[in-house]
Amino acid sequence: MLSRLGALLQEAVGAREPSIDLLQAFVEHWKGITHYYIESTDENTPAKKTDIPWRLKQMLDILVYEEQQQVAVGEAGPCLEYLLQHKILETLCTLGKAEFPPGMRQQVFQFFSKVLAQVQHPLLHYLSVHRPVQKLLRLGGTAPGSVTEKEEVQLTTVLCSKIQQDPELLAYILEGKKIVGRKKACGEPTALPKDTASHRDKDCSHDGAPARPQLDGEPCGAQALNSHMPAETEQLDGGTAESNLITSLLGLCQSKSRVALKAQENLLLLVSVASPAAATYLVQSSPCCPAIVQHLCQLYRSMPVFLDPADIAALEGISWRLPSAPSDEASFPGKEALAAFLGWFDYCDHLITEAHTVVADALAKAVAEKFFVETLQPQLLHVSEQSILTSTALLTAMLRQLRSPALLREAAAFLLGTDRQPEAPRDNPHALYAHLIGHCDHLSDEISIATLRLFEELLQKPHEGIIRSLVLRNLEGRPYVAWGSPEPESYEDTLDLEEDPYFTDSFLDSGFQPRAKPRLAPATSYDGKTAVTEIVNSFLCLVPEEAKTSAFLEETGYDTYVHDAYGLFQECSSRVASWGWPLTPTPLDPHEPERPFFEGHFLRVLFDRMSRILDQPYSLNLQVTSVLSRLALFPHPHIHEYLLDPYISLAPGCRSLFSVLVRVIGDLMQRIQRVPQFPGKLLLVRKQLTGQAPGEQLDHQTLLQGVVVLEEFCKELAAIAFVKFPPHDPRQNLSPAPEGQV
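Keep in mind it's a predicted model, so treat the numbers as computed, not measured.

Student: Please set out the nonpolar core residue by residue, giving values where relevant.
Tutor: Ranked by internal contacts, the top residues of the largest apolar core, which has 216 residues, are Leu92, Phe371 and Phe602. Of the residues forming this core, the biggest block, 14 residues, is contributed by helix H32 (residues 701-724). Setting aside residues no more than four positions away along its own chain, phenylalanine 371 makes contact with Val293, Leu296, Cys297, Tyr300, Phe341, Ala366, Leu376 and Met398.

See below:
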C-alpha cells in the first residue's frame, strides 16, 4: 500500500510540475536572449555563434511539447499565453530589424516560420502575432536578393499554407484587420482561457500605439491586458492597405536562385483560395493583380527595342518553372530578357488557369488593359517596321503558349474586337484588327509574313469567337450561293462570262453590278457519294500537266498530304467538338431578304494574296497557303462548302478559293509561253527548294517558285477535302454545279 501510495503521489507531482517547470524554463530562455542585449558589448560576433539560436530552439520545443500535453483541444498553455501577452514576436521583429548581432534577422525569420508551422493552436488571428508577421514581411521585402531570401520564402510558404486552410486569414495577413469578440474570428477556438481571449486582437494601447516591449521578461500590467476593446473594426498602421505578403512574394519571384520558383508556387497557392469572399477580398483590397501585371510590363520594356522574329521563335516552350534558357552558341543580344518576359507571361497564364474564378477574371482583365492595350498596342500600331516586327512576333509567341480560357478570351477581344455582325466592304472595323489586316498586305514582306503567322496561331486556339469573327459571321445564311440556277439541259446555252461563277468577282473592282436573279432554290442536285471524288479530282487536275514536277521526285505525292491532313483534321475536330456546329449546311430560306455577300476583310486579304502567288516571294506564299489550309480544316459545313467545293454556284459578284485558283491558272498558262525551257527550269527550282540542287539564281525565279507552291497547295486542299468527308461518309451534303462547269 505504501508503494502504491508513493506512486500515486509521484504521478500527482509529475502532473503539476511540467506546467510550472515549462513556463519557468521558457521565461529563463527568453530572459537569456534579452540579457544578451543588456550585457553584450561585441557587435561583430555573428548570431549563430551566440546562444541565441539555441535558446530560440528551446523556446520552440517547449511550446510544441506544452501543446502536446494539453488535455483540452484548442486550449492555450501558459508558455503560449506568455508569448502572446509579452509580445515576444514583436520584440524579436524589432531585434531582427536592428540586425544585431549580425545574422539575427535570419534567426527571427526561422523562429517565426517554425512557430507558425509547428504550433497547431490558431495564432494568426492574434494581433500580437499577425502584426509582427506583417512587419517582418515588410522588412524582408526591403532587401530583395538579400541573404535572408531563403528564410523569407519559408515564412511565406507557411503563411500561404495557413491561408489555404483558412481563407479568412487573408484579411489578417494582408491588411492586419482587427475583429472584436470570439464570434467574429473564423476558426477561433471555442474554449480559450480568459487571459488568452483578452489578448486576441488587443495588444495595443488606446491610441493605437504598440505597448513597450518587455525586454526583462516581466508581465505587462493587468490594466493593459484587460482594457475594453472598441466595437468597430480597425486597420493597423494608419489604415494602410499595403499587402506585405504579396509584395514580398513578388520581390522573391525576382530572385536569381531557386527561391523564385518557390515564391511563384506560394503566390499560386494564394490566388487559388477556394473561398469566394477571400478571392473577392484579394482582388478588391490588395494590389495583387496590378502588381503582377506591372512586373510583366517592366519585363517587356526591359527587352531590346528590336528582336529578330527568328530568334523569338527559337525560344518556343519557355516555361515559368524554367524561364532561363541555357546559354549556348545560338545566344543573341536580349536572349535573357526575352526568356524572363516569356517565362513571366507563362506564369501569368498559369495563375489565371489555376486561380479562383474571381481572381482569374480580374487578372485577365488587368493583363488586357495594362499590358495588351497600354503597352503592346502602341508598338503594333507604330510606324516603325522594326517595332511592328518585334511586337507581332512577341504576340505570336505569347499566343503559342497561352492556355487559360479567361486570358484567351481577353486576347481575342483585344485583337479582333467584339463585333459579330457580318462585315461590309467599306465598314470601319475594330482599330487594331484593321491594322493587322493591313499588315497582312504590307509593303514589307517580313511584316506580312509575321502577321500571317500571328493569325495562323490565333486560328489554332480553342475559342469559337476567333473563327466566327474572322470567317463564319460572313458565311451565315450562305449568301455566297446563287439562287435560281438554270436547268441542267439549258445550262451550257445560257452560261456566259457575265454569269460565270468563277469570274463574276471582277465586277467588284469595275463597279458593274450583274443583274439580280430571283430568290429561288437551286435547281440541281447530285449524288453526294461521288461529290468528294469530284472535288478531289478538281483540285488535283487544276494545275496543267506541263506545270507539274512533283512526279519526278519522291515523297511529294498526294498520299503524303492525306496522311498529314488526317492528323491535323483530327486535332482540329477535337478542339471544336464542344462548339455544337451543324453537320450539314443551313437550308436556304427563300423568305429571307437577300443581302450582298462579302467574304470579310480576312478572307479578302488572303484571296488577294493568293491571286498574286506567281509574283510573291516563296516564304510569303508558303505562309499564305498555310493559313488557308488551317481555315479549310475547320469542320464547319459552310467553311467546307465555300473553301473546298468547286461545284457551288456562286452568287453574282462573289469569288471562292477555287475561283481564285482558276484565275491564277489562267494567268499561269499565258505566262508559261514566255518562259523558255519552262519544264526544265521548273524542275530545277523544285530541286533547289528541296536541297537537291545548288541554289543558283534563275530567270523568272519568283514565278517558278510560285508554280511549285501552287501545285503543292492544290494537292493539300484535295487531301483536306478527302479526310473531312471521305467517299463513304453519309454526312456529305455538297452543292455541285452542273456538268461541264469546271
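After that view, the rundown keeps rolling.
Student: Please set out the pattern of salt bridges residue by residue, giving values where relevant.
Tutor: Inspection of every chain in the model, using the stated rule, returns 27 salt bridges. Measuring nitrogen to oxygen at the nearest pair gives 2.8 Å for the salt bridge that ties arginine 671 to aspartate 615. Pair noted here: arginine 671 is in helix H30 (residues 657-672) and aspartate 615 is in the loop between helix H27 (601-611) and helix H28 (618-633), with a separation of 56 residues, a long-range link. Measuring nitrogen to oxygen at the nearest pair gives 3.4 Å for the salt bridge that ties arginine 671 to aspartate 667. You can see arginine 671 and its partner aspartate 667 sitting in helix H30, 4 residues apart, about one turn around the helix. On the basis of relative accessibility, which here comes to 31%, the residue aspartate 667 falls in the partly exposed class.

Student: Just give me the short version of the packing of aromatic side chains, but keep the residues and values in it.
Tutor: Each aromatic ring pair is summarised here by two numbers: the centre-to-centre distance and the angle between the ring planes. Overall, the coordinates contain 19 aromatic pairs when judged by the stated rule. A ring pair is formed by phenylalanine 455 and phenylalanine 602, whose centres lie 4.9 Å apart and whose planes are at 35 degrees; its orientation type is tilted. Here phenylalanine 455 is found in helix H21 (residues 445-459), whereas its partner phenylalanine 602 is found in helix H27, with 147 residues between them in sequence. Phenylalanine 602 shares its class with phenylalanine 455; the two are buried. Judged by centre distance (5.3 Å) and plane angle (85 degrees), the rings of phenylalanine 539 and phenylalanine 658 are edge-to-face.

Student: Please provide a residue-by-residue account of the environment of asparagine 244, values included.
Tutor: Its location among the elements puts asparagine 244 in helix H11 (residues 244-253). Owing to a relative accessible area of 2%, asparagine 244 belongs among the buried residues under this scheme. C-alpha of asparagine 244 to C-alpha of glutamine 134: the two residues are 110 residues apart in sequence and 6.2 Å apart in space. Once residues within four sequence positions are removed from consideration, asparagine 244 is found in contact with Gln134, Leu137, Arg138 and Leu174.

Criteria and cut-off values
Residue indices follow the written sequence of each chain, beginning from 1 at its first position. With the structure being a predicted model, the display of local features is reserved for residues of pLDDT at least 70 and the display and counting of side-chain atom pairs for 80 or more, all residues being used for whole-chain, interface and lining totals. Each side-chain value is worked out from all heavy atoms of the structure, with water and hydrogens disregarded. Each nonpolar core is a collection of buried residues, namely Ala, Val, Leu, Ile, Met, Phe, Trp, Tyr and Cys, held together in the definition by side-chain atoms within 4.5 Å. Relative accessible area decides the class of each residue, using a 1.4 Å probe on protein chains only: under 20% of the type maximum gives buried, over 50% gives exposed, and in between gives partly exposed. Secondary structure counts use DSSP, requiring at least four H or I residues in a row for a helix and at least two E residues in a row for a strand, with both numbered from the N terminus. Only heavy atoms matter for contacts: two residues are in contact if any of them lie within 4.5 Å across the pair. The term salt bridge refers to a side-chain nitrogen of Lys or Arg lying within 4 Å of a carboxyl oxygen of Asp or Glu. The pairing test for Phe, Tyr and Trp rings, Trp by its six-membered ring, is centres within 6.5 Å, and the orientation test on the planes gives stacked under 30 degrees, edge-to-face over 60, and tilted for anything in between.

In short, geometric facts, not functional conclusions.
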